[in-house]
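Residue-level listing of the chains:
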Amino acid sequence: MILDRFANPARFLRLANAILPWCVGATTIMLAAGLYLGLFVAPPDYQQGDSVRIMYVHVPAAWMAMFVYTNIAIASAVSLIWRHPLADLAANASAPIGAAFTFLALVTGSLWGKPMWGTWWVWDARLTSVLILFFLYLGHMAITSAFDNPARGAKAAAVLALVGFVNVPIIKFSVDWWNTLHQPASVFRMGGPSIHPDMLWPLLAMGLGYTLFYVVLLLLRIKSELIGARLRALDSLRQDAA
Amino acid sequence: MRFTGIISRDLRLALRQRSDAAMIVLFFVLTAALFPFGVGPEANQLAAIAPGVIWVTALLSVLLSLERLFLADYEDGSLELMALSPVPLELTLLAKVLAHWLTTGLPLIVAAPLIAVLFNMPLEALPTLATAMLLGTPTLSLIGAVGAALTLGARRGGILIPLLVLPLYIPTLIFGVSAVDAALGGFPVRPHLLLLMAILLISLVVSPLAGAAALRQANE
């Protein structure tokens, strides 16, 4: 099976080291291009003026919040079913990154909401479900580190991630199921995007930039975890020898 | 041990320590009684917040009882025997959850009308409140069991459970309160009750699977 090929940490490290520079370069280019297009080239909104530019930071962050949680859920399933050694690492390394993206989405949404809705926060379905997602991330991080045996923490976190996954479809469809103040989907919807191409392209560039940035951080975090594990192993060997 | 065997064992244990269940109900009533001091004793205002106060305090009371759900069995080793018995661990968990609900959820439902009266809530909403709690509190026990099983053997397990479980309690809280609010406003309550039942049915499937997986991890 293809997954087994990457179960070997040495092979994974070789691959990660090979693609990491490319990912860093692509992240820089995409984020720079997306920010330039979004902040300078894209037209201001006819109602919202320049405040619409918050969208180029906010919407990709919200996408990532759900994307990273989905990744954690998939990695957790892989870890529980096939006991893949890297899946736990990937899930635990993803959680703080996803929490940061969720926090960014909540904060930028709040900054946009104050001038547009006249309030920092409303308890509508979309905002509430994203807030729950943020708490789920925090719970995941807390339980990962709550055990003396890290393997037990990783497994408990995997079960929690799978249970919490029910929230992701609720976030996605919350704007369709309930009458919310938050606007409905305008990019990933049946019948194609309803947003003008001048605004869509910067948004997609930012989305790709965020995704690449996530990949970079994930690879770095998994690498440092693997190196940390190796150091601990060497340390215990030395203590045994002494 | 059979399904009914576990239930009757847990119930007998609970009956011998009656003060535990009584303490939960006392906590429920006492916490709710704090709100008139916090928001002022104005009758209309109290009636307006009554459904929310009842649900939130019920939720906190259930939370309080969760840590003990598996802890005693985990510490004295009965949990390992239950895992070894021919009864599937999922069914064992369901039996323990049912016993937990009978000793916490049910007393809370019985005590809820008292708070409703103290808060001047119109009495015609009481049947809806009771139905909503009848559908909602088993969900709280089911989801809580997963949190309790996951944190077995953890450092600071008692503080960890609320962090894991409270986000998952929010849907039950939302629809539980909106059902009573609908009854108070004269709107149809059926949709809210159906949603509560949907959440109950989903957790009835997910919780035994996830909880049993967590118990197996704890036993390893």
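Higher on the page you've got the structure.
S.K.: I'd love a proper account of the packing of helix α6 (residues 150-164) of chain A against helix α7 (residues 126-150) of chain B, names of residues and values included.
M.R.: Between α6 of chain A and α7 of chain B, the shortest axis-to-axis distance is 10 Å and the interhelical angle comes to 165°. When the axis of α6 of chain A is compared with that of α7 of chain B, the two are roughly antiparallel. Crossing angle aside, the handedness with which α6 of chain A passes α7 of chain B is left-handed. Only Val146, Ala149 and Leu150 of chain B of α7 of chain B make contact with α6 of chain A, whose side of the interface consists of Arg152, Ala156, Val159, Leu160 and Val163 of chain A. When the residues that make up the contact of α6 of chain A with α7 of chain B are grouped by side-chain class, the tally is seven nonpolar, no polar and one charged.

S.K.: Tell me about the layout of surface pockets, and name the residues and values.
M.R.: The computed volume of the largest pocket comes to approximately 1200 Å³. Every residue lining the largest pocket is counted, 38 residues in all, and those nearest its centre are Ile132 and Ile170 of chain A together with Ile170, Pro171 and Ile174 of chain B. Of all the secondary structure elements, the ones that give two or more residues to the lining of the largest pocket are α5 (125-144), α6 and α7 (167-177) of chain A together with α3 (43-66), α7, α8 (157-185) and α9 (190-219) of chain B. Broken down by element, the lining of the largest pocket gets its largest block of residues, 10 residues, from α8 of chain B. Its volume calculated, the second largest pocket comes out at about 990 Å³. As for the second largest pocket, its lining consists of 39 residues, and the residues nearest its centre are His58, Val59, His182, Gln183 and Ser186 of chain A. Broken down by secondary-structure element, the contributors of at least two residues to the lining of the second largest pocket are α3 (55-82), α4 (85-117), α5, α7 and α8 (197-241) of chain A. Its residues assigned to classes, the lining of the second largest pocket shows 25 nonpolar, 11 polar and three charged.

S.K.: I'd love a proper account of the packing of aromatic side chains, names of residues and values included.
M.R.: All names here are of chain A. For the coordinates displayed, the defined rule picks out eight aromatic pairs over all chains. Note on tyrosine 69 and tyrosine 137: the rings are 5.4 Å apart at their centroids and 80° apart in plane angle, and the pair reads as edge-to-face. Of this pair, tyrosine 69 sits in helix α3 while tyrosine 137 sits in helix α5, and the two are 68 residues apart along the sequence. Residues tyrosine 69 and tyrosine 137 agree in their burial class; the two are buried. Taking 5.6 Å as the distance between ring centres and 25° as the angle between the ring planes, the aromatic pair formed by phenylalanine 101 and tyrosine 210 counts as stacked. Residue phenylalanine 101 is found in helix α4, and its partner tyrosine 210 is found in helix α8; the two are separated by 109 residues along the sequence. When its relative accessible area of 7% is taken as the criterion, phenylalanine 101 is described as buried. Site record: aromatic cluster; members linked through ring pairs are Phe103, Phe134 and Phe135.

S.K.: Requested: an account of the side chain of serine 178 of chain B, with residues and values cited.
M.R.: Residues and elements named next belong to chain B. One can find serine 178 in helix α8. A residue is classified by how much of its surface remains accessible, and serine 178, at 19% relative accessible area, is buried. Engagement of the side chain of serine 178 in a polar contact is seen with the backbone oxygen of phenylalanine 175, the distance being 3.2 Å.

Criteria and thresholds
- Residues numbered from 1 in each chain as written.
- Chains lettered and ligands numbered in written order.
- Predicted model: local features only at pLDDT ≥ 70, side-chain atom pairs only at ≥ 80, totals over all residues.
- Heavy atoms only, no water.
- Axes fitted to C-alpha atoms, helices over the stretch in contact; angles between N-to-C directions.
- Helix = DSSP H or I, 4+ residues; strand = E, 2+ residues; numbered from the N terminus.
- Parallel < 35°, antiparallel > 145°, perpendicular 65-115°, else oblique.
- Left-handed = near helix turned anticlockwise from the far one by under 90°.
- Contact = heavy atoms within 4.5 Å.
- Nonpolar A, V, L, I, M, F, W, Y, C, P; charged D, E, K, R; others polar.
- 1 Å grid on protein atoms, 1.4 Å probe; cavity = no way out; pocket = protein on both sides within 12 Å on 5 of 7 lines; lining within 4 Å.
- Points joined across faces, edges and corners; volume = space filled by probe spheres on them.
- Phe/Tyr/Trp six-rings, centres within 6.5 Å; stacked < 30°, edge-to-face > 60°.
- Buried < 20%, exposed > 50% of the residue type's maximum accessible area, 1.4 Å probe, protein only.
- Polar contact = N/O pair within 3.5 Å; in protein donor to acceptor, adjacent residues only side chain to side chain.

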